[in-house]
Amino acid sequence: MKILVCLKQVPHQDARLDIASDGAWIKEDGIKFEINSYDSFALEEALRLKDAGAATEVIVASIGPERVTQALRTALGMGADRAVHVKDPALDGSDALGIARTLAAVAKSVGADAVLMGLMSDDGNASAVGPMIGELLGVPSASGVVKEEKTATGFTVERELEGGALEVVEVSAPCVLAVQTGLNQVRYASLKGIMAAKKKPIDVKTAADLGLAGQVGAGAAKVKIQKIYAPPKGTGAQILKGSADEVVTGLVGKIKELGLL
Amino acid sequence: MTILVVGEIQKGSVREASYELITFAKKLGGDVKGLIIGSGCGAEAEAFAKKGAGSVYVADEPALANYNVDGWTRAIKAAVAASGATTVLISNTPSGWDCAARVAAGLDAGFVSDAFDFADGAFVRRVFNGKLDAKVVSSAAKTVVTVQPGACKPFEGSADGKTEKLAVDVSGLKAKFVETKVAAAKGHDLTKAEIIVSGGRGVGAPEKFTEVIQPLADALGGQMGASRPVVDAGWLPHEYQVGSSGQIVTPKLYLACGISGAIQHLVGMKGANYIIAINKDPDAPIFEVAQLGVVGDLFEIVPKLTAAVKAAKG
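It should be emphasised that the depicted structure is a prediction, and the values quoted were computed from it without experimental measurement. (Residues numbered from 1 in each chain as written. Chains lettered and ligands numbered in written order. Predicted model: local features only at pLDDT ≥ 70, side-chain atom pairs only at ≥ 80, totals over all residues.)

1. Description of the overall build of chain A
- Check the secondary structure of chain A and you find six helices and 13 strands.
- Considering chain A as a whole, with its 261 residues, one finds that 49% of them fall into the buried category.
- Intrachain contacts of chain A at a sequence separation of at least 6 include 69% that bridge at least 24 residues. (Helix = DSSP H or I, 4+ residues; strand = E, 2+ residues; numbered from the N terminus. Buried ≥ 20, exposed ≤ 12 C-beta atoms within 10 Å, placed from the backbone. Contact = placed C-beta atoms within 7 Å.)

2. Things to note about the overall build of chain B
- A count of helices and strands for chain B gives nine helices and 17 strands.
- For chain B, the spread of C-alpha atoms along the principal axes amounts to about 70 × 45 × 35 Å.
- Looking at chain B as a whole, 59% of its 314 residues are labelled buried.
- Taking all contacts inside chain B whose residues are at least 6 apart in sequence as the whole, residues at least 24 apart take part in 65%.

3. A short note on the domain arrangement of chain B
Residues and elements named next belong to chain B.
- Segmenting chain B into domains produces domain 1 (2–165) and domain 2 (195–313).
- If you average the C-alpha positions of domain 1 and of domain 2, the two centres end up 35 Å apart.
- If you look at the interface, domain 1 gives four residues, while domain 2 gives four residues.
- Considering only residue class, the side of domain 1 that touches domain 2 consists of no nonpolar, two polar and two charged. (Domains from an automatic or database assignment. Nonpolar A, V, L, I, M, F, W, Y, C, P; charged D, E, K, R; others polar.)

4. Details of the environment of A:Ile26
All names here are of chain A.
- Relative to the elements of secondary structure, Ile26 occurs in the loop between strand S2 (9–11) and strand S3 (33–35).
- Classification of Ile26 by C-beta neighbours within 10 Å gives partly exposed; the count is 19.
- Here the alpha-carbon distance between Ile26 and Arg16, two residues 10 residues apart in the chain, equals 9.3 Å.
- Setting aside residues up to four positions removed in sequence, Ile26 forms contacts with Pro11, Leu17, Asp18, Ile19 and Ala20.

5. Focus on the interface of chain A and chain B
- Facing 67 residues of chain A, the contacting portion of chain B comprises 74 residues.
- When residues in the side of chain A that touches chain B are grouped by element, the largest group, eight residues, is from helix H6 (residues 244–257) of chain A.
- Its residues placed into classes, the side of chain A that touches chain B shows 36 nonpolar, 17 polar and 14 charged.
- Pairing analysis gives six bridges linking strand S9 (residues 166–172) of chain A to strand S12 (residues 175–181) of chain B, with the strands arranged antiparallel. Within S12(B), the residue paired with A:Val169 across the bridge is B:Phe177. (Pairing = 2+ DSSP bridges.)

6. A word on the sheet that holds strand S13 (residues 195–199) of chain B
- Taken in spatial order, the six strands line up as S13(A)-S17(B)-S16(B)-S15(B)-S13(B)-S14(B) in an open sheet, and their pairing is parallel. Among the strands making up the open sheet, the edge pair consists of strand S13 (238–239) of chain A together with strand S14 (223–226) of chain B.
- Taken together, the five bridges between S13(B) and strand S15 (residues 253–257) of chain B define a ladder with parallel strand orientation. Its bridge partner lying in S15(B), B:Ile195 is registered against B:Leu253.
- Each of S13, S14 and S15 of chain B touches helix H5 (residues 206–220) of chain B; the most contacted strand, S13(B), lies at about 170° to it. (Axes fitted to C-alpha atoms, helices over the stretch in contact; angles between N-to-C directions.)

7. Side note on the sheet that holds strand S1 (residues 2–6) of chain B
- Taken together, the 10 strands give an open sheet; going across it, the order is S12(A)-S9(B)-S8(B)-S7(B)-S10(B)-S6(B)-S1(B)-S4(B)-S5(B)-S11(B), and neighbouring strands pair in mixed fashion. The sheet is open, and its two edges are formed by strand S12 (223–229) of chain A together with strand S11 (162–165) of chain B, each paired on a single side. Along the sheet, successive strands turn relative to each other by an average axial angle of 35°, direction set aside.
- Pairing of strand S8 (residues 122–127) of chain B with strand S9 (residues 132–138) of chain B, which is carried by five bridges, proceeds in the antiparallel orientation. When the bridges of S9(B) are listed, B:Val124 appears paired with B:Lys135.
- Of the strands in this sheet, S1, strand S4 (31–38), strand S6 (87–91), strand S7 (110–119) and strand S10 (143–147) of chain B are in contact with helix H1 (residues 16–28) of chain B, which crosses S6(B) at around 150°.

8. Regarding the packing of helix H3 (residues 69–83) of chain B against helix H4 (residues 96–107) of chain B
Residues and elements named next belong to chain B.
- Put simply, H3 and H4 touch, their axes get as near as 9 Å, and they point 50° apart. Here H4 runs oblique to H3, going by the angle between their axes. In the crossing of H3 with H4, the sense of the turn from one axis to the other is right-handed. Contact residues: H3 offers Val69, Trp72, Thr73, Ile76, Lys77 and Val80, while H4 offers Asp98, Cys99, Arg102, Val103, Gly106 and Leu107. (Parallel < 35°, antiparallel > 145°, perpendicular 65-115°, else oblique. Left-handed = near helix turned anticlockwise from the far one by under 90°.)

9. Remarks on the packing of H5(B) against helix H9 (residues 298–313) of chain B
Residues and elements named next belong to chain B.
- Packing of H5 against H9 leaves a shortest axis separation of 9 Å and a crossing angle of 25°. As summarised for this structure, H5 and H9 are arranged roughly parallel, according to the angle between their axes. Once H5 is placed against H9, the crossing between them reads as left-handed. For the pair H5 and H9, contact is made by Val212, Pro215, Leu216, Ala219 and Leu220 and by Phe299, Val302, Pro303, Leu305, Thr306, Val309 and Lys310, respectively.
- Tallied by class, the residues present in the contact of H5 with H9 amount to 10 nonpolar, one polar and one charged.

10. Description of unusual backbone geometry
- Each neighbour pair has its own omega, and for A:Ala173 with A:Pro174 the value is 0°, a cis peptide bond.
- With respect to the helices, strands and loops of the structure, A:Pro174 is situated in the loop between S9 and strand S10 (175–179).
- Unlike most non-glycine residues, B:Asp114 shows phi in positive territory, near 55°.
- Inspection of the secondary structure puts B:Asp114 in strand S7.
- The backbone phi angle of B:Asn129 is positive, close to 50°, even though this residue is not glycine.
- Its place among the elements puts B:Asn129 in the loop between S8 and S9.
- You can call B:Asn129 buried: it has 21 C-beta atoms within 10 Å.

11. Digging into H9(B)
Residues and elements named next belong to chain B.
- Relative to the 22 Å expected for 16 residues at 1.5 Å per residue, H9 spans 22 Å between its end C-alpha atoms, a close match to the ideal helical length.
- Those residues of H9 that sit buried are Leu298, Ile301, Val302, Leu305, Thr306 and Val309. For H9, the angular spread of the buried residues around the axis is 135°, confining them to a single face.
- Positive backbone phi, approximately 75°, marks Gly314, located one or two places after H9. (Expected span 1.5 Å × (residues − 1). Arc of directions from axis to C-beta.)

12. Brief notes about the pairing of strand S17 (residues 292–295) of chain B
- Across two bridges, the pairing between S13(A) and S17(B) is parallel. Within S17(B), the residue paired with A:Gln238 across the bridge is B:Leu292.

13. What to know about the confidence of the model for chain B
- With 99% of its residues at a pLDDT of 70 or more, chain B has an overall mean of 95.
- In the predicted assembly, ipTM is 0.93 and pTM is 0.90. (pLDDT = per-residue confidence, 0-100.)

14. Focus: H3(B)
All names here are of chain B.
- Look at H3: 21 Å from first C-alpha to last across 15 residues, which is about the 21 Å you get at 1.5 Å a residue.
- Of the positions making up H3, those classed as buried are Val69, Asp70, Gly71, Trp72, Thr73, Arg74, Ala75, Ile76, Ala79, Val80 and Ser83.
- Immediately downstream of H3, the backbone of Gly84 shows phi near 70°, a positive value.

Dropping the structure here:
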């Protein structure tokens, strides 16, 4: 079984988010990027399937500019076998469907038996691309996966529902699994792994290489962000000011007032 | 313009979030039509129709007795074709986020995820884990939107309800439902706690929960909780997690330390009677739901607070 893991490189969770001059995204210059947290759990899950002998090859794919190479190198250092980097300015401004079309084309081109990825990204938070790839490829998908077990025909997966309940579903391969965070402990790339990664191939592709010219990018996008902004502030919390001792006195006073002390 | 609202049956009746979709649809403006998917779900469809959805399609098949990603996607696509809907509203629940984007891809439609408002022709949604808002516009002939549960009030009007059977091809469904499992009983029940002291990513390390957070919880006679990243990192077991996929808590006092306030956490604790937040980032969303806040270093404030609480108790 060949597994394709889709990785998105996103602004670091502690990065300063300043709005870009077009008002529609953040300023990306000078900030740190990292692998989307949800996707790193998907990669770990794929590597575990390979370690257990349930998968023969783990291929990672990512879309984006040159900086994305770093995320792919990290994934290769963790143990992925090879990478596909879709690098093409023609993809700029793609909506989720454009991204899903691109990744579906990559999945086809590498002959993936399963596509693993995160439930959502830490920047867009849309939970869109995984199910879309499933629909475009005409294969089953499951979102919010917290456990999967390889079967003769595909996987038995557990999906997270509300209030701690789980739904058990059987999906036949090929399929798309979009995983929740926390389903495993993500490994670090070892020094040996990082050295070995230098020799692993990163295959660079354009939209045209994937037969997608004109079907992706801003021109093909059906939805777009018009504006991005800090959420309007409500009245918010009353902020206690002063030295640490002063604020602690204020906190104790409030807890007493609530009758809890 | 016709708006299709996809109702969801939970524990034998149409869930509140489905009626919220009707309120959201009224904001968009247009004819509302509903859809109920299930097996033997005529009564639920009737209720949905009478309480606001008006005309409701019923995809009633034994194969749809339980949620099935393929079955739901097919039923929604069939209802769009039958109704001529240009907008489809689906609640952003575990079944919603499993099938909605598939429906969008299948219809070659625009997709907007987890919208909580609609204003000036744009859908409003949270991005960057709650740190920023985005206004999203669709230029597509059809748009599929998932709507955040709780974002608007459930519709309370009534409509002349009628239901109509919708034919859905359920042969060869690509996924198979096995069962729903209820998670094992919680060893650490936070739902009845009067005081909860929770820590987030800002606590920084597992041992800091034992050294800094737990002592304050103990001093106050309360329980310790945590946000999702803490549990995901393996610092504390899942039974400590407060949030949409953890425990929903309603204590008299909730003290959030080093928790930024991602939406999934807020869902779990905003029902607390009183919320105090301690965080070094003055822009952390947690300060929007807290009544009282301290912008500062939790490692300085919390130990002092623990000592002061102990002193006050004598």
